[in-house]
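Here is how the chains run, residue by residue.
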Amino acid sequence: MARRREPDDDLSVHELIEGPTEILSSETLDAIRRPGAADADPGVEQTHDLSAAAAEVTADLSGHGPAATGGRERVELTRVPAAGALYRRAVLGALPGLGRGRKSNDLPAVEFAVRGVQVDRGHLADYDRVCGFRLTDRLPGTYPHVLGFPLALRLMTAPGFPIAPTGVVHVGNRITVHRPISADETIDFTTYAQDLRPHDRGRQVDVVLVGSVDGEEVWRGVSTYLGRERTPGGRERGERPTPPTATARWRVEPRVGTAYARVSGDHNPIHTSRLGARLFGFQRPIAHGMWSKARCLAALETRLPDAYTVEVAFKLPVPLPSTVNFALLPDDGFALHDSRGRPHLVGLVR
């Protein structure tokens, strides 16, 4: 399908709206809410019906067959869904007069699954280069998120998903690697939503993505998304702590937005288009939150054990272009700050 291009943008607003993920433990989320915590990196990614999935699913959402895990209906897709149409629905749903409100207080009682996802080594190499990983046959901890993200996006665009795409904020991301995964292995993915809960700026929900090989869970990602709503009162801001000493300094060029969009499938225009960024309140495009996490993980690559959990809180977005400071923290923590010492990201490996 031909794509329209804006004269001064890499991608037009009609083309899409983001999709990666992010979550944290209750303790980390409490830390994010402390006075002085900055706004998180916005991500848009859901909305509208599953009718286009009719040819891809082997179970009907309207069916009343045996529930899967936790009372959810399991919907098996024959292939990984294409993100492009879902992004267009999300964008159109965000336009005045076309979007539908998401006021549901319940989560969709469904989980989506797809089997036999294979790794394209060329794509893996491209991802490694964009994020700074070494070129090997071992998958970086953040790579399965990219493989399974279109499945999670299908969930977030389903009717009944409680948070609308407009103004969605990526709060954080937690990934658990149970063992190394080789590019030779095929992965089965399952995704579902859990723990819809109030937040002092709206509501937030966790989107879980699980990767398994031969029936064994080998990888799990949990993403927390915040749907901003008008709430009474406001947050008090305290003094910002002194930033840690930088271990490394990275120049983040505008091409990072489009390069990561191509390898991740996350084409939210706030990352790739000046016009798209302005529509969501940014003067210029911002880096993907999951690129920032992956870049930090690449810097820690030689320190990581075979099995680990890495958790990240997203704070101020990284504008493109900009210079960021990476710092190692005590007790296996790490952080990313701007040149003025304001935090973009804080994380922990355990």
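The structure we're discussing is the one just above.
Residues numbered from 1 in each chain as written. Predicted model: local features only at pLDDT ≥ 70, side-chain atom pairs only at ≥ 80, totals over all residues. Heavy atoms only, no water.

K.L.:
Let's hear about the pattern of salt bridges: which residues, and what values?
P.N.:
Scanning the entire structure with this criterion turns up 19 salt bridges. Measuring nitrogen to oxygen at the nearest pair gives 4.0 Å for the salt bridge that ties arginine 115 to aspartate 188. One end of the pair, arginine 115, is in strand E3 (residues 110-117); the other, aspartate 188, is in strand E5 (residues 187-199), and 73 residues separate them in sequence. Residue class for arginine 115 comes out exposed when judged on its relative accessible area of 55%. Across the pair arginine 251 and glutamate 253 runs a salt bridge whose closest N-O atoms are separated by 3.6 Å. By relative accessible area, glutamate 253 is classed as partly exposed at 25%. When salt bridges with common partners are traced through the structure, they connect Arg72, Arg74, Glu76, Glu111, Arg115 and Asp188 into a single cluster. (Salt bridge = Lys/Arg side-chain N within 4 Å of Asp/Glu carboxyl O. Helix = DSSP H or I, 4+ residues; strand = E, 2+ residues; numbered from the N terminus. Buried < 20%, exposed > 50% of the residue type's maximum accessible area, 1.4 Å probe, protein only.)

K.L.:
An account of the nonpolar core is requested, with residue identities and associated values reported.
P.N.:
Ranked by internal contacts, the top residues of the largest apolar core, which has 65 residues, are Tyr127, Leu139, Phe161, Phe189, Tyr260 and Phe334. Considering every element that reaches this core, the biggest residue donor is helix H4 (residues 143-156), with 9 residues. Among all residues touching leucine 139, those that are not within four sequence positions of it are Val119, Leu124, Pro144, Ile181, Ser182, Ala183 and Ile187. (Core = buried A, V, L, I, M, F, W, Y, C linked by side-chain atoms within 4.5 Å. Contact = heavy atoms within 4.5 Å.)

K.L.:
So what's going on with the packing of helix H3 (residues 121-131) against helix H8 (residues 289-299)? Residues and values would help.
P.N.:
One way to put it is that H3 packs onto H8 with a least axis distance of 9 Å and a crossing angle of 85°. Between H3 and H8, the interaxial angle falls into the category roughly perpendicular. For the pair H3 and H8, contact is made by Tyr127, Val130 and Cys131 and by Trp291, Ala294, Arg295 and Ala298, respectively. Class assignment for the residues of the contact of H3 with H8 results in 6 nonpolar, no polar and 1 charged. (Axes fitted to C-alpha atoms, helices over the stretch in contact; angles between N-to-C directions. Parallel < 35°, antiparallel > 145°, perpendicular 65-115°, else oblique. Nonpolar A, V, L, I, M, F, W, Y, C, P; charged D, E, K, R; others polar.)

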